[in-house]
Amino acid sequence: MTTASTVVNDAAYSVTDVRHTYGTGTHALQDVSIELPRGSVTSLIGPSGCGKSTLLNILSGLLRPSEGHVEIFGRELDGPPVEVSHMFQKATLLPWRTVLENVLLPLELRDGKKAARKQKSKARELLKMVGIADFEAGYPHQLSGGMAQRAAICRMLVTEPQILLLDEPFGALDELTRERMDTELLRIVRDTGATAVLVTHSIPESVFLSDVVYAMSARPGRITRAIEVDLPHPRGEHTLADPRYLELINTVRQALDEGYRRGAHT
């Protein structure tokens, strides 16, 4: 017999009837209910101001919803959990620290400088994994935009988080670099077994990266449709020419159009 203590919750997140209204009166989210399986990659996509980043901040524990419940690995979310790492659109590397020192920063903040110094080998392995090991002694101003984002990914991964929350992490990059970073991110997520949730405005990016794409309506943001992405792994340049990839892009676009029209009439 399976006891309650041995039951494994396969959901990284369970979000139930979440609403959020800011103190200014802005109604950002309404009746959001989603479940994100462990090891999955999920995209949130919708018009600007629809509450995507608000929902991501709720998942990170930085923001408490006005109503509803959020569970992480089967327990009620109450503040920023140790299993989660949050990456923003800009790399936000500290300019006075080397690349290696920037990667070690989360460990310093969590465990202290002495303990962080003992983890240099881990940080160097991450830099090697993303292809910028030769720049560990360099400073942020010496990096290209793509390299800075790779360093930021290493900083996110150094604490070995089980969940990665990414808010438009590659939105400021040129298209070619963005495609390469998408491929790199997908490889890292698959190699580490992490659960990833991505906010994006790019329909092709949402399809390329995700197992499920959640289309959201205009504010107040609601989930209007969940599109399952059945493209095979590993994904790469060949995926961009797959007819199914192009079909799914069109499906997401239609879902966004429907959600916009629905939001405009509420």
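What you see is a predicted model; the values in this text were computed from it and never measured.

As for empty space enclosed by the protein
- As enumerated under the stated definition, the model contains one cavity of 30 Å³ or more in all.
- In this model, the largest cavity occupies a volume close to 50 Å³.
- Lining the largest cavity, in full, are Val41, Leu166, Leu185, Leu186, Val189, Ala196, Leu198 and Leu209.
- Only helix H6 (175–192) and strand E8 (195–200) provide two or more residues apiece to the lining of the largest cavity.

Re the layout of surface pockets
- Taken as a whole, the largest pocket encloses approximately 600 Å³ of empty space.
- What lines the largest pocket is a set of 26 residues, and nearest its centre among them are Val84, Ser85, His86, Pro106 and Thr159.
- Taken together, the residues of the lining of the largest pocket sort by class into 15 nonpolar, six polar and five charged.
- In this structure, the second largest pocket encloses a volume near 300 Å³.
- As for the second largest pocket, its lining consists of 16 residues, and the residues nearest its centre are Glu179, Arg180, Thr183, Phe208 and Leu240.
- For the lining of the second largest pocket, the secondary-structure elements that each account for two or more residues are H6 and helix H7 (203–209).
- The element contributing the most residues to the lining of the second largest pocket is H6, with eight residues.
- Looking at the lining of the second largest pocket, its residues break down into five nonpolar, three polar and eight charged.

Considerations on the sheet that holds strand E10 (residues 223–228)
- In space, the six strands of this open sheet follow the order E6-E7-E8-E3-E9-E10, with mixed pairing throughout. Each edge of the sheet is formed by a strand with only one pairing partner; in this case those strands are strand E6 (84–87) and E10. Adjacent strand axes in the sheet meet at a mean angle of 15°, parallel and antiparallel pairs treated alike.
- Examined bridge by bridge, E6 and strand E7 (residues 163–167) share four bridges and lie parallel to one another. Bridge assignment links His86 to a residue of E7, and that residue is Leu165.

With respect to the pattern of salt bridges
- Evaluated as defined, the whole model comprises 14 salt bridges.
- Taking the shortest distance from any N to any O, the salt bridge between Asp111 and Arg110 comes out at 3.0 Å.
- Each of Glu168, Arg178 and Glu205 takes part in one network of salt bridges that share partners.

Observations regarding helix H4 (residues 120–129)
- When H4 is considered as a whole, its buried residues turn out to be Ala123, Leu126 and Leu127. Taken end-on, H4 shows its buried residues confined to a sector of 100°, consistent with a single buried face. The exposed set on the far side of H4, more than 90 degrees from its buried face, consists of Ser121, Glu125 and Lys128.
- Each element contacted by the buried residues of H4 is listed here: helix H2 (99–111) and helix H5 (145–157).
- One or two steps after H4, the chain reaches Gly131, where phi turns positive at roughly 85°.

A look at the UniProt feature "domain: ABC transporter" (unreviewed entry) in the chain
- UniProt feature "domain: ABC transporter" (unreviewed entry): in the numbering of this structure it lies at residues 13–243.
- Along residues 13–243 one finds 32% helix and 26% strand; the C-alpha atoms at either end are 32 Å apart.

Considerations on the packing of H5 against H6
- Running from amino to carboxyl end, H5 crosses H6 at an angle of 20°, the nearest separation of the two axes being 11 Å. Taken together, the axes of H5 and H6 lie roughly parallel to each other. Like other packed secondary-structure pairs, H5 and H6 cross with a definite hand, here right-handed. Residues Gly146, Gln149, Arg150, Ile153 and Leu157 of H5 form the contact with H6, whose own contacting residues are Thr177, Met181 and Ile188.
- Residue composition of the contact of H5 with H6, by class: four nonpolar, three polar and one charged.

Overview of a positive patch on the surface
- A surface patch of positive charge is lined by Lys113, Lys114, Arg117, Lys118 and Lys120.
- Top contributing element to the positive patch by residue count: helix H3 (residues 113–117), with three residues.
- Along the chain, the position of Arg117 falls in helix H3.

So, the pairing of strand E2 (residues 27–37)
- In the sheet, strand E1 (residues 11–21) pairs with E2 via seven bridges, with the strands oriented antiparallel. Paired with His20 across the strands is Leu29, a residue of E2.
- Hairpin connection, E1 to E2: the antiparallel pair is bridged by five residues, and Gly25 has positive phi, about 95°.

What counts and how
Residues numbered from 1 in each chain as written. Predicted model: local features only at pLDDT ≥ 70, side-chain atom pairs only at ≥ 80, totals over all residues. Heavy atoms only, no water. 1 Å grid on protein atoms, 1.4 Å probe; cavity = no way out; pocket = protein on both sides within 12 Å on 5 of 7 lines; lining within 4 Å. Points joined across faces, edges and corners; volume = space filled by probe spheres on them. Helix = DSSP H or I, 4+ residues; strand = E, 2+ residues; numbered from the N terminus. Nonpolar A, V, L, I, M, F, W, Y, C, P; charged D, E, K, R; others polar. Pairing = 2+ DSSP bridges. Axes fitted to C-alpha atoms, helices over the stretch in contact; angles between N-to-C directions. Salt bridge = Lys/Arg side-chain N within 4 Å of Asp/Glu carboxyl O. Buried < 20%, exposed > 50% of the residue type's maximum accessible area, 1.4 Å probe, protein only. Arc of directions from axis to C-beta. Contact = heavy atoms within 4.5 Å. UniProt positions renumbered as here; feature names shortened; annotations may be inferred. Parallel < 35°, antiparallel > 145°, perpendicular 65-115°, else oblique. Left-handed = near helix turned anticlockwise from the far one by under 90°. Patch = residues over 30% accessible without salt bridge, like charges linked within 9 Å, V, L, I, M, F, W, Y side chains within 5 Å. Areas by Shrake-Rupley, 256 points an atom, 1.4 Å probe, with all protein chains shown as cover. Lys, Arg positive; Asp, Glu negative; His and termini not counted. Charge placed at Lys NZ, Arg CZ, Asp CG, Glu CD.

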